[in-house]
Amino acid sequence: MAATASERKLLIGGEWVETGSWVDVRSPYSGDLIGRVAKAGAAEARRAIDAAEAAMQEPLPAHKRAEILVRVAGYLGRRHEEVAQTICAEAGKPLKAARVEASRAMSTFTMAAVEARKLTGETVPMDASQAGVGKLAFTLRQPIGIVGAISPFNFPLNLVAHKLAPALAAGCAVVLKPASQTPFSALLLAELEAEAGLPPGWLNVLVGPASEIGDVLVEDERVRAITFTGSGGVGWKLAERAPRKRVKLELGNATPVIVEADADLEDAATRLAANAFSFAGQSCISIQRIYVQRGVYDELLSRFLPKVEALVVGDPADEATDVGPLIDADARDRVLAWVEEARAGGAEILSGGDLDGELLRPTVIAKAGPELKVSCEEIFGPVCTVTAYDTIDEAIELANGTRFGLQAGIFTRSIKTALAAAQQLEFGGVTVNEAPTFRADQMPYGGVKDSGNTREGPAYAVREFTEDRLVVVELS
Ligand code: NAP
């Protein structure tokens with residue numbers, strides 16, 4: 001039996017486990033205690049790996065894995081509102097965005113189930129060389145082994161889904177460490193997986209000191225792959241420390257978007273306002289840097305700024321709220337300090353830049369030099385810059401001018417400009433006439449440069465959790 005909603009235990013080998021100490025979880029909006037979770041340490045991490053190892057001794061056939069994944073999608077649908085309320089409470093994500101996340105997780109599981117059923121290798125054309133004549137060869141897709149999954153606070157359900165569902169589709173058992181600030185969505189998902197028939201040990205969930213649990217995942221050789229979504233500082237260090245594992249990283253961005261003079265400016269302004277500030281900018285592909293062709297700069301701003309000012313800032317549990325709190329007061333103070341640095345550095349605050357009660361108002365900054373943090377680091381808050389440019393080459397150079405490369409966007413009516421930009425923008429994904437914040441869960445999603453080294457989306461992630469095994473048959 002699972003523990004109550006506000007007091008949860010760890011899941012290890014199918015048992016809900018207490019440890020005698022707890023991690024408190026607070027509402028990012030009110031600061032109130034919303035629950036606590038049993039705290040895991042290195043000993044629990046080792047037990048979880050033992051349990052995963054034992055589970056993998058009895059492989060689950062693909063049709064069973066697919067059936068379980070489909071059932072989880074169904075349960076997420078049935079408990080959709082409860083799931084959305086959980087995300088809203090622990091992450092402070094506005095309810096309407098939390099509902100979207102809950103629906104997206106259903107789609108992630110549904111698509112992973114499809115992948116479970118079509119894990120095929122390929123035949124090798126052996127007579128293509130003299131050495132292979134008289135032989136038949138093919139590859140099998142084998143599960144890589146135990147997967148360690150580490151997830152961030154900002155999509156506490158769907159980014160967990162993007163790790164669990166493809167790993168299970170591939171036939172791998174998982175040891176999951178969700179963000180300490182948002183463990184309840186992951187634990188709810190674990191409960192649904194157990195209800196859906198996932199046998200003990202296939203999914204183990206640990207909440208506790210990140211470095212202690214992370215160290216065990218890095219050091220234990222039975223963990224063959226680590227899938228990490230979070231900040232670059234943590235992610236690249238994990239990859240360095242585990243050179244013999246597959247360490248797959250989904251990291252940050254300072255998302256740019258280019259608005260050409262021939263764009264539909266009203267449409268662009270609407271999408272920019274919606275996607276620079278949703279979940280208070282705490283998405284890795286939240287729009288941060290807007291580059292506008294000089295001839296339409298004033299017009300774009302005259303359409304964009306009223307839409308920004310119309311966004312409703314407030315309690316995430318309120319149906320009308322567009323922009324809620326940052327994850328904690330430290331995050332808010334850091335973002336405010338970056339805005340102040342920009343102001344002191346000669347930038348002009350066109351909107352926001354201050355607090356509405358305890359919440360940061362959506363902030364638009366002009367004339368921000370490229371050396372300012374708001375221009376070159378990931379702000380991860382409800383803040384964007386707007387900058388005029390003269391030529392498309394200049395815009396592309398500005399967009400490419402950070403160490404990040406996750407997604408970028410361009411608004412233009414010219415197919416030629418759009419396709420040229422798609423080739424020149426050094427990012428994992430480029431959107432045309434859509435905000436670069438757009439993501440559908442089947443897309444190959446991931447970054448280049450400091451933004452990561454992999455692609456998620458079940459069809460792509462499942463590859464990371466399998467290895468090709470070659471079988472050669474002598475026919476003579
Ligand atoms: P974070 O501080 O790096 O935390 C991410 C996860 O790593 C958490 O579970 C955290 O645990 C854990 N962690 C921290 N230190 C660790 C260590 N030494 N060893 C092992 N695990 C460790 O990131 P965040 O603040 O939660 O998330 C924001 C970042 O994620 C942003 O940079 C954002 O762009 C990025 N992100 C990227 C994507 C993508 O798909 N590319 C999607 C979403 C977010 P604790 O919570 O216990 O500290």
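For the structure itself, consult the block above.
Please read these numbers as outputs of a predicted model, since none were measured by experiment.

*Asks:* Tell me what's going on with the site of the ligand, and back it up with residues and numbers.
*Replies:* Taken together, the neighbourhood of the ligand is formed by 27 residues, with Ser151, Ser180, Ser231, Leu251 and Glu378 sitting nearest. Between an oxygen atom of the ligand and a side-chain N or O atom of Ser180, the distance comes to 2.5 Å. In the environment of the ligand, a nitrogen atom lies 3.3 Å from a nitrogen or oxygen atom belonging to the side chain of Glu250. The protein chains hide 83% of the 920 Å² of surface that the ligand would expose on its own. The greatest single-element share of the shell around the ligand, amounting to three residues, is contributed by helix H7 (residues 210-219).

*Asks:* Could you give me a rundown of helix H14 (residues 415-424), with the residues and numbers involved?
*Replies:* Turning to H14, its buried residues number three or more, namely Thr417, Ala418 and Ala421. For H14, the angular spread of buried residues about the axis comes to 100°, placing them on one side. Residues of H14 that are exposed and point over 90 degrees away from its buried face: Ile415, Lys416 and Gln423. Structurally, H14 contributes buried residues whose contacts are with helix H13 (392-399), strand E20 (407-411) and strand E21 (429-432).

*Asks:* Any details on the packing of aromatic side chains? Residues and values, ideally.
*Replies:* On inspection of all chains with the given rule, the structure shows one aromatic pair. Look at Phe153 and Phe380: their rings are 6.0 Å apart centre to centre, the planes differ by 85°, and that puts the pair in the edge-to-face class. Here the residue Phe153 occupies a position in the loop between strand E8 (146-150) and helix H5 (158-170), and Phe380 occupies one in the loop between helix H12 (373-376) and strand E19 (383-389), the gap between them amounting to 227 residues. The ring of Trp22 has Arg36 sitting right over it, with the charged end atom 3.9 Å from the ring centre. Stacked on the ring of Trp338, the Lys or Arg Arg334 has its end atom at 4.7 Å from the ring centre.

*Asks:* I'd like a description of the sheet that holds strand E5 (residues 33-38), backed by residues and values.
*Replies:* Strand order in the open sheet made by the three strands is E1-E5-E4, with mixed pairing throughout. Edge positions in the sheet fall to strand E1 (7-8) and strand E4 (22-26), since each has one partner strand and no second. Bridge analysis of E1 against E5 gives two bridges, and the strand direction is parallel. By the bridge assignment, Arg8 is partnered in E5 with Val37. Sitting on the sheet, helix H6 (residues 184-195) touches E1, E4 and E5, and the angle it makes with E5 is about 55°.

What counts, and where the lines are drawn
- Residues numbered from 1 in each chain as written.
- Predicted model: local features only at pLDDT ≥ 70, side-chain atom pairs only at ≥ 80, totals over all residues.
- Heavy atoms only, no water.
- Near = heavy atom within 4 Å.
- Polar contact = N/O pair within 3.5 Å; in protein donor to acceptor, adjacent residues only side chain to side chain.
- Areas by Shrake-Rupley, 256 points an atom, 1.4 Å probe, with all protein chains shown as cover.
- Helix = DSSP H or I, 4+ residues; strand = E, 2+ residues; numbered from the N terminus.
- Buried < 20%, exposed > 50% of the residue type's maximum accessible area, 1.4 Å probe, protein only.
- Arc of directions from axis to C-beta.
- Contact = heavy atoms within 4.5 Å.
- Phe/Tyr/Trp six-rings, centres within 6.5 Å; stacked < 30°, edge-to-face > 60°.
- Lys NZ or Arg CZ within 6 Å of the ring centre and 35° of its normal.
- Pairing = 2+ DSSP bridges.
- Axes fitted to C-alpha atoms, helices over the stretch in contact; angles between N-to-C directions.

Scope: geometric values only; no functional claims are made or implied.
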